[in-house]
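Analysis of the macromolecular model
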Amino acid sequence: MGERHTVKVSKYLSRHLRHQPDRIGLTLDPAGWVDIDTLISAAAEHGFRFTREELDRVVATNDKRRFTVDGARIRANQGHTVAVDLGLPPATPPPYLYHGTHPRALESIRATGLKPMDRHAVHLSPDRDTATRVGARRGRPVVLVVDAGAMHRDGHVFHVSANGVWLTAAVPPRHLRFP
Ligand code: HQG
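Residues numbered from 1 in each chain as written. Predicted model: local features only at pLDDT ≥ 70, side-chain atom pairs only at ≥ 80, totals over all residues.

The name an unreviewed UniProt entry assigns to the protein is Probable RNA 2'-phosphotransferase, from the organism Streptomyces griseofuscus. Database annotation for the protein, UniProt heading Sequence similarities (unreviewed entry): "Belongs to the KptA/TPT1 family." What UniProt records for the protein under Function (unreviewed entry) is the sentence "Removes the 2'-phosphate from RNA via an intermediate in which the phosphate is ADP-ribosylated by NAD followed by a presumed transesterification to release the RNA and generate ADP-ribose 1''-2''-cyclic phosphate (APPR>P). May function as an ADP-ribosylase." (UniProt positions renumbered as here; feature names shortened; annotations may be inferred.)

Dropping the structure here:
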């Protein structure tokens, strides 16, 4: 399978495991899992073909480890817009986490803090480099420092996804440092 097809399969999986399972007649279970054979058949019926071997390769080589396979089932590790409960236990964050964004968002973020927007949670990165890559998806990246230790002490709940993305419901402006 060529690199281009790998990326296409990865994007297809993200779309249908995070955002629009119903587009191909799939239903995720409450924790976001779906049977792999059912997924492959549903995709084929909607004109997109890939094999179990190709899926396993995408899962194993994905740059962000976006998916977990558990026996006959698969789910996305984070990033959902459909309702799922990943069942992640609360976790103690490191003292600082990072959020990559873009200059156009700054005024609003200064006023209201970080919001989940269309997703379930605000996504935070464990290091500046990762946050820079996240911000660069939308133009010139701006990296905000999140005082995660203080938030945790204030009672904010954090979770860490299977691929190392830190998730929290919102970040108030007072816990953000702007460059
Ligand atoms: C911004 C990708 C205005 C926020 C990445 C971001 C990540 C606000 C955008 C994952 C705001 C939401 C998530 C506020 C937040 N006012 N703008 N109050 N609060 N924003 O895509 O963090 O490739 O939902 O800064 O690598 O960019 O999909 O979140 O610019 O891990 O696996 O609103 O998505 O991973 O955008 O990215 P997103 P994100 P995948």
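Some thoughts on the overall build of the protein
Scanning the protein from terminus to terminus reveals six helices and nine strands. Against the 2.2 N^0.38 benchmark of 16 Å for 179 residues, the protein shows a C-alpha radius of gyration of 17 Å, consistent with a compact globule. For the C-alpha atoms alone, the extent of the protein along its principal axes is close to 50 × 35 × 25 Å. For the protein, with 179 residues in total, the buried portion stands at 28%. Long-range contacts, defined here as pairs at least 24 residues apart, represent 74% of the contacts in the protein between residues at least 6 apart. (Helix = DSSP H or I, 4+ residues; strand = E, 2+ residues; numbered from the N terminus. Rg over C-alpha atoms; globule rule 2.2 N^0.38 Å. Buried ≥ 20, exposed ≤ 12 C-beta atoms within 10 Å, placed from the backbone. Contact = placed C-beta atoms within 7 Å.)

Let's talk about the sheet that holds strand β9 (residues 176-177)
Pairing within the open sheet is antiparallel, and its three strands lie in the order β4-β6-β9. For this open sheet the edge positions go to β4 (97-101) and β9, each flanked by a neighbour on one side alone. Pairing of strand β6 (residues 142-146) with β9 involves two bridges; the strand directions are antiparallel. The residue of β9 that forms the bridge with Val146 is Leu176. The sheet strands contacting helix α5 (residues 128-136) are β4 and β6, and the helix crosses β4 at an angle near 20 degrees. (Pairing = 2+ DSSP bridges. Axes fitted to C-alpha atoms, helices over the stretch in contact; angles between N-to-C directions.)

Quick notes on the nonpolar core
Proteins that are soluble and globular tend to have nonpolar side chains buried together. Ranked by internal contacts, the top residues of the largest apolar core, which has 18 residues, are Leu97, Tyr98, Val146 and Trp166. Counting residues per element, this core draws most heavily on β6, which supplies four residues. (Core = buried A, V, L, I, M, F, W, Y, C linked by C-beta atoms within 7 Å.)

A look at the pairing of strand β2 (residues 67-70)
Taken together, the four bridges between β2 and strand β3 (residues 73-76) define a ladder with antiparallel strand orientation. By the bridge assignment, Phe67 is partnered in β3 with Ala76. Counting the residues between successive antiparallel strands, the hairpin from β2 to β3 contains two residues, one of them, Gly71, with a positive phi of roughly 65 degrees.

With respect to the environment of Asp129
Inspection of the secondary structure assignment puts Asp129 in helix α5. A count of 12 C-beta atoms within 10 Å places Asp129 in the exposed class. A sequence separation of 64 residues divides Asp129 from Arg65, and the C-alpha atoms of the two residues are 17 Å apart.

Regarding the site of the ligand
In the vicinity of the ligand lie 18 residues, with Thr101, Ala105, Ser108, Met117 and His123 positioned nearest. In terms of residue count, the dominant contributor to the shell around the ligand is helix α4 (residues 106-112) (three residues). By residue class, the composition of the shell around the ligand is six nonpolar, six polar and six charged. (Near = placed C-beta within 6 Å. Nonpolar A, V, L, I, M, F, W, Y, C, P; charged D, E, K, R; others polar.)

With respect to the domain arrangement of the protein
Along its sequence, the protein is carved into domain 1 (3-76) and domain 2 (97-177). One C-alpha centre belongs to domain 1, the other to domain 2; they are set 27 Å apart. (Domains from an automatic or database assignment.)

Comments concerning unusual backbone geometry
Phi angles above zero are rare outside glycine, and Arg65 is one such case at about 45 degrees. Following the sequence through the fold, Arg65 ends up in the loop between α3 (52-61) and β2. In this structure, Met117 is a non-glycine residue whose phi angle is positive, near 55 degrees. Tracing the chain through its elements places Met117 in the loop between α4 and β5 (122-124).

Some words on the pairing of β4
Among the five residues in β4, five count as buried, and that is most of the element. Taken together, the five bridges between β4 and β6 define a ladder with antiparallel strand orientation. Bridge assignment links Gly100 to a residue of β6, and that residue is Val143.

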